[in-house]
Amino acid sequence: MLKLFTPNYYIRKYTSLRPEFLKEKGIKLLVCDIDNTLVPHDVALPDEEAKSFLKKMQKAGIRVVFISNNVEERVKTFVDGCELENPVSYPFACKPLPFSYRKMLKEMAVSRNEVAVIGDQLMTDMLGANFMRLFTILTAPIVQRDLSFTKFNRIFERMVFFLLEKSGKLKRGEFDE
């Protein structure tokens, strides 16, 4: 049961992730959660650090896609602000349900072993991506403030996180600074 919540890697912040590491793993597509992974949920646009990270991935030949449970307007505003070439996003994804992941795999014409997912929540990002057998990277939330339904998820997440740490299944990524 814990396996569905267990990320392949855990990092403090998305900026620790290196394109070289992903390429060594055969990753061609990086699926990014937005809220509290790249920016706080109440910040509409990416900051320079987030834009630089995303452009660095794209420049290294890793395609970037955004999958978010947030509404289309919020996702579009953020993605447009990233200034990426041919950005693709899947708003209102209903993670952890597999629908958006399946659609993304088909539309992006990639196999599961070529996809990595980075997100800040065990209950949505890791559960959904692990269910689809994608490479998962958990990052600590950018800020501690959350939307009310996310606060509810965090209660259960803390319990699962504790069990993962106790079992030794949660390990920091080798690239974490």
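All of these numbers come straight from a predicted model, not from anything done at the bench. (Residues numbered from 1 in each chain as written. Predicted model: local features only at pLDDT ≥ 70, side-chain atom pairs only at ≥ 80, totals over all residues. Heavy atoms only, no water.)

### Some words on the packing of aromatic side chains
Inference 1: Under the counting rule described, the total for this entry stands at 5 aromatic pairs.
Inference 2: A ring pair is formed by phenylalanine 21 and phenylalanine 135, whose centres lie 6.3 Å apart and whose planes are at 50°; its orientation type is tilted. Of this pair, phenylalanine 21 sits in helix α1 (residues 19–24) while phenylalanine 135 sits in strand β6 (residues 135–139), placing them 114 residues apart in sequence.
Inference 3: Assessed through its relative accessible area of 7%, phenylalanine 21 is described here as buried.
Inference 4: Classification of phenylalanine 135 by relative accessible area gives buried; the value is 15%.
Inference 5: Each residue in the set Tyr9, Phe21 and Phe135 is aromatic and connected to the rest through ring pairs, giving one cluster. (Phe/Tyr/Trp six-rings, centres within 6.5 Å; stacked < 30°, edge-to-face > 60°. Helix = DSSP H or I, 4+ residues; strand = E, 2+ residues; numbered from the N terminus. Buried < 20%, exposed > 50% of the residue type's maximum accessible area, 1.4 Å probe, protein only.)

### Some details on the pattern of salt bridges
Inference 1: Summed over the entire model, instances satisfying the criterion amount to 9 salt bridges.
Inference 2: Notably, a salt bridge pairs glutamate 49 with lysine 13, separated by 2.6 Å at the nearest N-O pair. Remark: lysine 13 occurs in the loop between β1 (9–11) and α1 and glutamate 49 occurs in helix α2 (residues 48–59); sequence separation between them is 36 residues.
Inference 3: Across the pair glutamate 114 and lysine 28 runs a salt bridge whose closest N-O atoms are separated by 3.0 Å. Here lysine 28 lies in the loop between α1 and β2 (29–32) and glutamate 114 lies in the loop between α4 (99–108) and β5 (115–119), a separation of 86 residues in the sequence.
Inference 4: The buried category is assigned to glutamate 114, whose relative accessible area is 17%.
Inference 5: One salt-bridge network, held together by shared partners, links Glu48, Lys51, Lys55 and Glu83. (Salt bridge = Lys/Arg side-chain N within 4 Å of Asp/Glu carboxyl O.)

The analysis is restricted to geometry; functional conclusions fall outside its scope.
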